[in-house]
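Chain by chain, the residues:
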Amino acid sequence: VNLRDNSQWVRHNYLTRQLKWYGTAAGLRVAPEQELYGRDGQVVGRSDLLFHGLGTPLHVDFCAVVPHADAYCRQASQQCLAAASRREREKAGKYADRVPPHTKFLGVSMETTGARGPGLIRLIKRISSRFRDSGQSYVPVNWAAPTMEVYLHQRLAVAMARGNDRRLRCAIDRHAVS
């Protein structure tokens, strides 16, 4: 069973849904799957979410990254968040100049171990600030989530765990069949 497979769609989709939910709960307009264009005007990719209401419209592209994958393993064994940070830089390098004028791009990532990349932490803080500024009240859902920001961190952790579980189950099922 190859648990280091880089196919991250299951985790990616769970986590992207949580970010969309949180942005919407904060009163932001969040549009999924927005096209990004090259210098020639051709579509070269898509951002996962487009947030309106944080100042400049913000294209966000999310990545669930496996820190023990061959591409990241050496660096991740020597530095915390190496895989997440590297992936965010790679996304920014690839897409930052492909967003429409008057918008910005932010690559965000979360390691499969649950560690959040610096871009994701910044995004959560910006959305949390917007949530607080909107005057909406937050009723704690459990004793361990005194704020909406903490609650989102919990939801992301659960979404990653669910995604990891689903990936593991799929890998086991494939292995059992072959």
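Preceding this paragraph is the structure being described.
The structure reproduced in this document is the subject of the present report.

1. Some remarks on the sheet that holds strand S4 (residues 104-111)
Within the open sheet, the 4 strands sit side by side as S1-S2-S3-S4. Their pairing is mixed. The open sheet has two edge strands with one neighbour each: strand S1 (29-37) and S4. Across the sheet, the mean angle separating the axes of adjacent strands is 40° when strand polarity is ignored. When strand S2 (residues 43-52) meets strand S3 (residues 58-65), the two strands line up antiparallel, connected through 3 bridges.

2. Some points on the environment of Gly 93
Structurally, Gly 93 can be placed in helix H3 (residues 82-95). Taking the C-alpha atoms as reference points, Gly 93 and Thr 113, separated by 20 residues in sequence, lie 24 Å from one another.

3. A word on unusual backbone geometry
Despite not being glycine, Leu 81 has its phi angle at roughly 60°, a positive value. Tracing the backbone shows Leu 81 in the loop between helix H2 (73-76) and H3. For His 102, which is not a glycine, the phi torsion comes out positive at approximately 70°.

4. Here we look at the pattern of salt bridges
Opposite charge on two side chains makes pairing possible when the charged atoms of those side chains draw close. One pass over the structure, following the stated rule, counts 6 salt bridges. Close ionic contact of Lys 91 with Asp 61 constitutes a salt bridge, the shortest N to O distance being 2.3 Å. Of this pair, Lys 91 sits in helix H3 while Asp 61 sits in strand S3, and the two are 30 residues apart along the sequence. In terms of burial, Lys 91 and Asp 61 fall into one category: buried.

Definitions and limits used
- One numbering rule holds for all chains: residues counted from 1, following each sequence as written.
- Local features in this predicted model are restricted to residues of pLDDT 70 or higher, and side-chain atom pairs are both shown and tallied only at a pLDDT of 80 or more, whereas totals for entire chains, interfaces and linings draw on every residue.
- The basis for the side-chain values is all heavy atoms of the structure; hydrogens and waters are excluded.
- When DSSP finds two or more bridges between a pair of strands, those strands are recorded as paired.
- Secondary structure is summarised from DSSP: a helix means a run of H or I of at least four residues, a strand means a run of E of at least two, and numbering begins at the N terminus for each.
- Lines are fitted to the C-alpha atoms to define the axes, a helix being fitted only along its stretch in contact, and any angle between axes, read from their N-to-C directions, falls within 0 to 180 degrees.
- The rule for a salt bridge is simple: a side-chain nitrogen of Lys or Arg has to be within 4 Å of a carboxyl oxygen of Asp or Glu.
- Relative accessible area decides the class of each residue, using a 1.4 Å probe on protein chains only: under 20% of the type maximum gives buried, over 50% gives exposed, and in between gives partly exposed.

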